[in-house]
Amino acid sequence: MAAIFKRETKSYYTGMVGYVTAAVSLFFLGLYFTNCNLMYASSDFASVLYTTTLIMLFLLPAISMRSFAEDRRNKTDQLLLTSPVSIPGIVLGKFLAEVVVFALPLTVAVIMPLILTAFGTVSLVSAFSALFAYLLLGAACLAVGTWISALTENQIIAYLATFGALLIAYLMNGIKTMFTSGNLLALIVFLVVLLIAAVLVGVLCKSLPVGLGVFGAGAVVLVVLFQLRPAWLLSAFNAVLGALALFQPFNGVVGGMFSVSAIVYYLSVIALFLFLTGQSLERRRWH
């Protein structure tokens with residue numbers, strides 16, 4: 001894993017991705033820090049980080065898009081998969097390299113709250129808590145992008161798909177308000193999701209009957225719930241939408257509601273998508 005981590009980290013700075021990412025991150029951090037904190041004499045450093053979350057949508061897909069897609073395009077993925085390194089080691093090595101590229105510019109952000117202490121009272125605990133949550137948010141977004149990169153050999157597709165997924169997560173709170181009522185709509189959406197899942201199961205198992213069976217059994221359960229406990233269906237639907245709101249726990253931290261649940265949420269997202277990435281590599285190893 002260490003060898004892959006070193007190779008991947010070096011490759012980001014052999015090309016332009018690492019430098020461009022650092023330059024853009026530092027530019028916007030400096031811009032909003034100057035505008036929000038210095039010019040208006042505000043001690044709320046967390047608001048600077050909150051403002052720059054929009055920049056994540058553009059920067060993080062650029063970091064993660066090449067992780068596995070480039071290997072597939074260059075036909076070096078089988079060489080990697082047959083190396084002595086385990087699948088978890090490969091995934092972790094590449095993922096940690098991405099996190100380092102994202103985190104390096106943030107070392108400058110560590111100094112910013114300290115600068116503010118020269119002009120007044122600043123809650124360093126609040127500022128550094130927000131910075132830690134910001135790092136976890138970025139790592140979770142990179143985990144999503146790493147999984148998407150493992151599904152394609154085209155870096156442009158990986159970038160656009162990751163950008164689209166993060167954009168939906170960014171807008172999920174607004175999307176969620178559109179579904180505050182309407183059990184039938186919740187049923188329809190769940191059926192569509194079930195259909196997609198059944199197609200994926202059928203493709204993975206190479207069996208149409210299996211896919212149809214999954215959809216049929218799931219559809220029966222959903223219809224029964226719709227008839228007997230429609231409120232449960234809507235509640236579950238809203239819970240799913242809430243789980244997809246990737247940026248919401250960080251917004252809570254910015255609002256002064258830092259909690260262990262936010263850390264657990266981001267670590268769970270990271271673990272889930274790195275696991276899915278590993279499963280994708282396992283399938284390619286044996287096919």
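This write-up is about the structure you can find in this document. Everything numeric here is computed off the predicted structure, so don't read it as measured data. (Residues numbered from 1 in each chain as written. Predicted model: local features only at pLDDT ≥ 70, side-chain atom pairs only at ≥ 80, totals over all residues. Heavy atoms only, no water.)

1. Some words on the overall build of the chain
Point 1. Helices and strands together make up the secondary structure of the chain, namely 15 helices and zero strands.
Point 2. Residues counted as buried form 41% of the 287 residues belonging to the chain.
Point 3. Summed over its atoms, the accessible surface of the chain is roughly 14600 Å², and 75% of this surface lies on carbon and sulfur atoms. (Helix = DSSP H or I, 4+ residues; strand = E, 2+ residues; numbered from the N terminus. Buried < 20%, exposed > 50% of the residue type's maximum accessible area, 1.4 Å probe, protein only. Areas by Shrake-Rupley, 256 points an atom, 1.4 Å probe, with all protein chains shown as cover.)

2. Describing the packing of helix 2 (residues 17–38) against helix 7 (residues 106–116)
Point 1. Put simply, helix 2 and helix 7 touch, their axes get as near as 10 Å, and they point 15° apart. When the interaxial angle is binned, helix 2 and helix 7 end up roughly parallel. Crossing of helix 2 against helix 7: the hand is right-handed. Touching Leu 26, Leu 29, Gly 30, Phe 33, Asn 37 and Leu 38 of helix 2 are Leu 106, Val 108, Ala 109, Met 112, Ile 115 and Leu 116, all from helix 7.
Point 2. Looking at the contact of helix 2 with helix 7, its residues break down into ten nonpolar, two polar and no charged. (Axes fitted to C-alpha atoms, helices over the stretch in contact; angles between N-to-C directions. Parallel < 35°, antiparallel > 145°, perpendicular 65-115°, else oblique. Left-handed = near helix turned anticlockwise from the far one by under 90°. Contact = heavy atoms within 4.5 Å. Nonpolar A, V, L, I, M, F, W, Y, C, P; charged D, E, K, R; others polar.)

3. Brief notes about the pattern of salt bridges
In a structure, side chains of opposite charge can pair up when their charged atoms sit close to one another.
Point 1. Applying the stated rule across the entire model yields three salt bridges.
Point 2. Between Arg 7 and Glu 8 there is a salt bridge; the shortest N-O distance is 2.7 Å.
Point 3. The exposure class assigned to Arg 7 is partly exposed, which follows from its relative accessible area of 43%.
Point 4. On the accessibility criterion, Glu 8 (4% relative accessible area) is buried.
Point 5. Between Glu 8 and Lys 94 there is a salt bridge whose closest N-O contact spans 2.9 Å. On the criterion of sequence distance, the pair formed by Glu 8 in helix 1 (residues 2–14) and Lys 94 in helix 6 (residues 87–103) is long-range, its members being 86 residues apart. Both residues of the pair, Glu 8 and Lys 94, belong to the buried class.
Point 6. If you follow the salt bridges from partner to partner, you end up with Arg 7, Glu 8, Arg 66 and Lys 94 in one network. (Salt bridge = Lys/Arg side-chain N within 4 Å of Asp/Glu carboxyl O.)

4. Brief notes about helix 7
Point 1. When helix 7 is considered as a whole, its buried residues turn out to be Leu 106, Ala 109, Met 112, Pro 113 and Leu 116. Viewed along the axis of helix 7, the buried residues span an arc of 85°, placing them on a single side of the element.
Point 2. Packed against the buried residues of helix 7 are helix 2, helix 6 and helix 8 (124–149). (Arc of directions from axis to C-beta.)

5. Thoughts on the nonpolar core
Point 1. If you look at the biggest cluster of nonpolar residues, it comprises 57 residues, and the most contacted ones within it are Phe 45 and Leu 246.
Point 2. With 14 residues, the single largest contributor to this core is helix 8.
Point 3. Apart from residues lying up to four places away in sequence, Leu 246 is in contact with Leu 137, Ala 140, Cys 141, Leu 166, Ala 169, Tyr 265, Tyr 266 and Val 269.
Point 4. Ranked by size, the runner-up nonpolar core spans five residues in total, among them Leu 187, Leu 194, Ala 219 and Leu 222. (Core = buried A, V, L, I, M, F, W, Y, C linked by side-chain atoms within 4.5 Å.)

6. Digging into the packing of aromatic side chains
Point 1. Counted by the stated rule, this structure contains ten aromatic pairs.
Point 2. Ring plane angle 65° and centroid distance 5.3 Å describe the contact between Tyr 265 and Tyr 266, whose orientation is recorded as edge-to-face. Of the two residues, Tyr 265 and Tyr 266, neither departs from the other in class, the shared state being buried.
Point 3. An aromatic cluster is defined as three or more aromatic residues linked by ring pairs; in this entry it consists of Phe 27, Phe 28 and Tyr 32. (Phe/Tyr/Trp six-rings, centres within 6.5 Å; stacked < 30°, edge-to-face > 60°.)

7. Overview of a nonpolar patch on the surface
Point 1. Taken together, the side chains of Leu 38, Val 110, Ile 111, Leu 114, Ile 115, Phe 119, Leu 124 and Phe 128 make up a nonpolar region of the molecular surface, amounting to roughly 680 Å² of accessible area.
Point 2. Put simply, the parts of the chain that give the nonpolar patch at least two residues each are helix 7 and helix 8.
Point 3. At four residues, helix 7 tops the list of elements feeding residues into the nonpolar patch.
Point 4. Inspection of the secondary structure assignment puts Ile 115 in helix 7. (Patch = residues over 30% accessible without salt bridge, like charges linked within 9 Å, V, L, I, M, F, W, Y side chains within 5 Å.)

8. A short note on the environment of Phe 250
Point 1. When you line up the elements, Phe 250 lands in helix 14 (residues 248–254).
Point 2. Sequence spacing of Phe 250 and Tyr 266 is 16 residues, and the spatial spacing of their C-alpha atoms is 9.5 Å.
Point 3. Apart from the residues lying within four places of it in its own chain, the contact partners of Phe 250 are Leu 49, Tyr 50, Thr 53, Ala 130, Ala 133, Tyr 134, Leu 137 and Tyr 266.

9. Things to note about the side chain of Glu 98
Point 1. Mapping Glu 98 onto the fold places it in helix 6.
Point 2. Although Glu 98 lies buried, it forms no salt bridge, and the closest oppositely charged side chain, Lys 94, sits 7.3 Å away as judged by the N-O distance.
Point 3. Those residues within four positions of Glu 98 in sequence are excluded, and the remaining contacts are Tyr 12, Ile 63, Ser 64, Ser 67, Leu 142 and Thr 146. (Lys, Arg positive; Asp, Glu negative; His and termini not counted.)

10. Some details on the environment of Gln 279
Point 1. Within the secondary structure layout, Gln 279 lies in helix 15 (residues 260–285).
Point 2. With a relative accessible area of 34%, Gln 279 lands in the partly exposed category.
Point 3. Expressed as a C-alpha distance, the spacing of Gln 279 and Trp 147, which sit 132 residues apart in the sequence, is 9.6 Å.

11. Some details on the environment of Leu 281
Point 1. For Leu 281, the location among the structural elements is in helix 15.
Point 2. Of the residues examined, Leu 281 reaches a relative accessible area of 1% and is grouped as buried.
Point 3. Along the sequence, Leu 281 and Ala 150 sit 131 residues apart, while their C-alpha atoms lie 7.2 Å from each other.

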